[in-house]
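# Close look at the chain arrangement
Listed below, chain by chain, are the residues.
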Amino acid sequence: MSVRPSVRRTVTALAVTGAAATAVVAAAGTASAMPTDFNCASSQIDTTLVAGSPGAGQRYAYVQFTAKPGESCTLQGALPIALTGADGVTVTPDPAAADAPPVTVADGAPASMLLHWTGIEAPENQVQPASVTVTAPQTTTPRGDTSDPAITLPWNQGPLDKSADAHELTVSAVTAGPAQP
């Protein structure tokens, strides 16, 4: 008879321990999944403007995003872009960018976004931007740190056409991997 109460206590203790372990594992799984679902704040990524290969009047550059060490976040679609000092140029997201899958960058992994424009007009129909500003999708990191979403880079990619026929900078969706100059 003394064996039964001891067995019951052991079974009860194992059940309680198992439930507690399951709760800890479930909580840990939720905590580790959260950063990969979090949109990037400007403080989580390094951003550079990389020249692309020109051809037949077509000009290309990439905005490259690289996750800082220990950071993990998501970018998707064509992020908002603005040019300073480029009156007459319209910035337009590629329509396909709206349906692009999200891209997660983590621990030094890069992602990039292609910019396309023309540069064949006469100098009086061109404009030389001073800078390009990309707006990060988030202002707060998972740790609660806040940052200005505006990432401004000097424009060093040459002039853009601003004539009525050719006055557009097209922004593609964010894709995984480094810029492909």
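A quick note: this is a predicted structure, and the numbers were derived from the prediction, not measured.

Backbone hydrogen bonds hold the strands of a sheet together, and the pairing may be parallel or antiparallel. The strand order across the open sheet formed by 3 strands is β4-β9-β10, and the pairing between neighbours is antiparallel. For this open sheet the edge positions go to β4 (81-84) and β10 (150-154), each flanked by a neighbour on one side alone. Adjacent strand axes in the sheet meet at a mean angle of 25 degrees, parallel and antiparallel pairs treated alike. Judged from the 5 bridges that link them, strand β9 (residues 131-135) and β10 form a sheet pairing that is antiparallel. Paired with T135 across the strands is A150, a residue of β10.

Throughout the structure, instances matching the rule amount to 3 salt bridges. When the shortest N-O distance is used, the salt bridge between K68 and D46 registers 3.9 Å. Of the two residues, K68 sits in the loop between β2 (58-67) and β3 (72-75) while D46 sits in strand β1 (residues 45-51), which places them 22 residues apart along the sequence. On the accessibility criterion, K68 (28% relative accessible area) is partly exposed. The residue R143 makes a salt bridge to D145 at a minimum N-O spacing of 3.5 Å.

Relative to the helices and strands, T118 resides in strand β7 (residues 110-118). When its relative accessible area of 19% is taken as the criterion, T118 is described as buried. Separated by 2.8 Å, the side chains of T118 and D161 make a polar contact. Setting aside anything within four residues of it in sequence, one finds T118 in contact with G57, Q58, R59, P159, L160, D161 and A166.

The rules behind each value
- Residues numbered from 1 in each chain as written.
- Predicted model: local features only at pLDDT ≥ 70, side-chain atom pairs only at ≥ 80, totals over all residues.
- Heavy atoms only, no water.
- Pairing = 2+ DSSP bridges.
- Helix = DSSP H or I, 4+ residues; strand = E, 2+ residues; numbered from the N terminus.
- Axes fitted to C-alpha atoms, helices over the stretch in contact; angles between N-to-C directions.
- Salt bridge = Lys/Arg side-chain N within 4 Å of Asp/Glu carboxyl O.
- Buried < 20%, exposed > 50% of the residue type's maximum accessible area, 1.4 Å probe, protein only.
- Polar contact = N/O pair within 3.5 Å; in protein donor to acceptor, adjacent residues only side chain to side chain.
- Contact = heavy atoms within 4.5 Å.

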